[in-house]
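# Observations on chain architecture
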Amino acid sequence: MTATETVAPAKAGTGKFRLRWPHYLLIAAGMLVLLSLVRVIDGADDVTSSGTVSAALRLAVPIFLAGLGGLWAERSGVINIGLEGMMILGTWTGAWAGYQWGPWIGVLFGILGGALGGLLHAVATVTFGVDHIVSGVAINILGLGLTQFLAGLIFNVGHAKDLGGGPRQSPPIDPIKTLTLPVLSGGKIGGWESPDWLGSLESHHWFLVSDIAGILRGVTNGLSLLTVVCLLLIPLTFLVLWKTPFGLRIRSCGEDPYAAESLGVHVYRMKYAAVIISGGFSGLAGAFLVTVAATLYQDGQTGGRGYIGLASMIFGNWRPGGLAAGSLLFGYTDAMNVRGGGQSVHALLLFVTILLVGVAVWQGVRANRLRSQVVTDLGRREVRGAYVGAVLSLVAAAALLVWFLLSDAVPGELVSFSPHLTTLLVLALASQRLRMPAADGLRYRRGEAR
C-alpha cells in the first residue's frame, strides 16, 4: 500500500461507489416525496404548482445554455468567463433581427452574435495567449457597452422608435409558438377541446399525486418550441462530445494538448471550434431571453445569468446531465423570486433542514467507515473533516428549523437574493467532488515543451 492511499477501496477496481442513472432517479423520487410532504405541512401549494414549474423551466433554459457554452469551451481547455458578455450580444442581435424578420431569424442572429464574441475570445486566448480571465472580463465589458451604444443608435430612431423602441429597449418581437399536450393538459384535437386532466388533479392538492400532476402540467402546457429545441441539446452535446471522434479531440485538448498534438490533433483548430460553439450557445441563451422570456430586448436583461450558468457547469462537474440539474435548481429558486414566493421559500426552509439532517447522518456514517479503514495521517484528517461536516450540517439545520418555526414567510429581500445564495451554497458543498479538465486555463503553444 502506497503512502498516498488513505483508505481501503470501497469497491474493487474503483475505490469509490459510483452513482448510476437508477440511483439518480431514486434520489429524484425521494426529493419529490419530501417536497410534497413539506408542501402539505406548510400549506405552500405554489411549491410544486404548474405555474412555478413552467416558470422554473423557462428561467432555467438560458442558464443551461450559458453553462453549455462554458462546458464546450472548458472541455477544450479554454476558460470562458465571457459567457455573460456573449449572452448580452445575443440579446441585442436577436432582438435587432427578430423585430424585423421574425423570432426564428432573431434566434439565428442571436447565435451569430454570441459566436462573434466567442471568436474574439478564441483569438485573444488561443492565438495571442492572453490570460483567459482577462479576456473574458474584457468581453463582458465590451458586450455591455457595445449593446448599450447600439440600442441608443438604432432602437431610438426612425421606424424602430415608432414601434416602441427606445435607448434601453427594442421594439416588441412576435413570440415563438407554444405547444400544449392534448388530453393531459387540455388543448384541441381537431375541433374537439380536450379536458385538462392534470389541472384537475393539481387543484385538489393531494399528497404527491397533485405534485406530480403539477410538474407534468408545467412541462406539457404552453411549452415554447424553442424550449423543446434547447432541451434536445442535452443529449446532443453528450453524444457529440463523448461518442464522436470530434468530441474526443476537443476533450483531449482540454486534458493534455501536447499529447493530443503528438497524435496529430490540430489543437488550435479544435480550441477555436469549441470556443466559437461556446459563444453560439451563449448567444442562443440571449436570443431565448428576447424571443421567449420577454419578447423584446432590455438593457440589463441577462441579470448575471452567464455567471450562474458558469456555476451550474461547475456544479455539474463539466458534464451535460449535471449541468442540466444545476440549471433547474437555479431556475427553480429564480422562479420563487419571480412569483413572489415568500411563503414557498419559507416551506423550502423545512425542506433544506431535512436535507441537512440527512447530510449530517451521511457524513457521520462515512466518518465511522473511514475511521475503521484509515492507514495514514491524511486519512485521519479526512475522518476529522467528515465529523466537522456532520456537526456543521446539524448546526445549520437547527438554525433553519428555528427560523421556520418562528416565522410565517421569508422577507422579499431574501427571496430576491435566493438564486445567488443557492449558487454560493451549492458550489461550497459540491466543490470537493469536482474535477475540472486537467489543462483548463493553461496556455498552449504548438511545439513547445510542457
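In the annotation of an unreviewed UniProt entry, the chain is listed under the name ABC transporter permease and assigned to Actinomadura nitritigenes. Quoted straight from UniProt, the Subcellular location (unreviewed entry) entry for the chain says "Cell membrane".

Okay, the nonpolar core next. Grouped together as the largest cluster of nonpolar side chains are 39 residues, with contacts concentrated most on Leu 65, Leu 68, Leu 226, Cys 230 and Leu 284. Sorting the residues of this core by element identifies helix H2 (50-75), helix H3 (83-101), helix H9 (225-243), helix H10 (245-255), helix H11 (257-262), helix H12 (267-293), helix H13 (305-315) and helix H14 (320-338) as the ones contributing at least two each. What Cys 230 contacts, discounting residues up to four positions off in sequence, is Val 61, Phe 64, Leu 65, Leu 284 and Phe 288. Counting 23 residues, the second-largest nonpolar core is a separate cluster that includes Leu 59, Tyr 332, Met 336 and Val 410.

Moving on: the packing of aromatic side chains. Taken as a whole, this structure holds 12 aromatic pairs when the rule is applied. The interplanar angle of 75° and the centroid separation of 5.3 Å between the aromatic rings of Tyr 268 and Tyr 444 together place this pair among those described as edge-to-face. In this pair, Tyr 268 is assigned in helix H12 and Tyr 444 in the segment after helix H17 (412-430), connecting sequence segments 176 residues apart. Note on Tyr 444: relative accessible area 5%, which makes it buried.

One can describe the packing of helix H1 (residues 21-42) onto helix H15 (residues 342-371) by two numbers: an axis separation of 9 Å at closest approach and a directional angle of 130°. In terms of axis orientation, H1 runs oblique to H15. As for how H1 packs across H15, the hand of that crossing is right-handed. Judged by residue contacts, Met 31, Leu 34, Leu 35, Val 38, Ile 41 and Asp 42 of H1 engage Gln 343, His 346, Ala 347, Leu 348, Leu 350, Phe 351, Ile 354 and Leu 355 from H15.

Among the secondary structure elements, Asp 299 is positioned in the loop between H12 and H13. Since its relative accessible area comes to 18%, Asp 299 is described here as buried. Separated by 3.2 Å, the side chains of Asp 299 and Gln 148 make a polar contact. Those residues within four positions of Asp 299 in sequence are excluded, and the remaining contacts are Leu 144, Gln 148 and Arg 168.

Between its first and last C-alpha, helix H5 (residues 132-155) extends 33 Å over 24 residues, near the 34 Å set by a 1.5 Å rise per residue. Taken as a whole, H5 has its buried residues at His 132, Ser 135, Gly 136, Ile 139, Asn 140, Gly 143, Thr 147, Leu 150, Ala 151 and Phe 155. Tucked inside the fold, the buried residues of H5 contact H3, helix H4 (103-127), helix H6 (158-162) and H13. Between the side-chain oxygen at the start of H5 and the backbone nitrogen of Ile 133 there is a gap of 3.0 Å, and the oxygen is on Asp 131.

Moving on, we come to the pattern of salt bridges. Under the definition given, this model contains 6 salt bridges. For Arg 168, the salt bridge identified is with Asp 299, shortest N-O distance 3.0 Å. Within this pair, whereas Arg 168 is found in the loop between H6 and strand S1 (178-179), its partner Asp 299 is found in the loop between H12 and H13, the two being separated by 131 residues in sequence. By relative accessible area, Arg 168 is classed as exposed at 54%. Linking Glu 255 and Arg 435 is a salt bridge whose minimum nitrogen-to-oxygen distance equals 2.8 Å. With Glu 255 in helix H10 and Arg 435 in the segment after H17, this residue pair connects regions lying 180 residues apart in the sequence. Accessibility expressed as a relative area gives 27% for Glu 255, which makes it partly exposed. Here the salt bridges share partners, and the residues they tie into one network are Arg 39, Asp 45 and Asp 211.

So, how was this worked out
- Residues numbered from 1 in each chain as written.
- Predicted model: local features only at pLDDT ≥ 70, side-chain atom pairs only at ≥ 80, totals over all residues.
- Heavy atoms only, no water.
- UniProt positions renumbered as here; feature names shortened; annotations may be inferred.
- Core = buried A, V, L, I, M, F, W, Y, C linked by side-chain atoms within 4.5 Å.
- Buried < 20%, exposed > 50% of the residue type's maximum accessible area, 1.4 Å probe, protein only.
- Helix = DSSP H or I, 4+ residues; strand = E, 2+ residues; numbered from the N terminus.
- Contact = heavy atoms within 4.5 Å.
- Phe/Tyr/Trp six-rings, centres within 6.5 Å; stacked < 30°, edge-to-face > 60°.
- Axes fitted to C-alpha atoms, helices over the stretch in contact; angles between N-to-C directions.
- Parallel < 35°, antiparallel > 145°, perpendicular 65-115°, else oblique.
- Left-handed = near helix turned anticlockwise from the far one by under 90°.
- Polar contact = N/O pair within 3.5 Å; in protein donor to acceptor, adjacent residues only side chain to side chain.
- Expected span 1.5 Å × (residues − 1).
- Salt bridge = Lys/Arg side-chain N within 4 Å of Asp/Glu carboxyl O.

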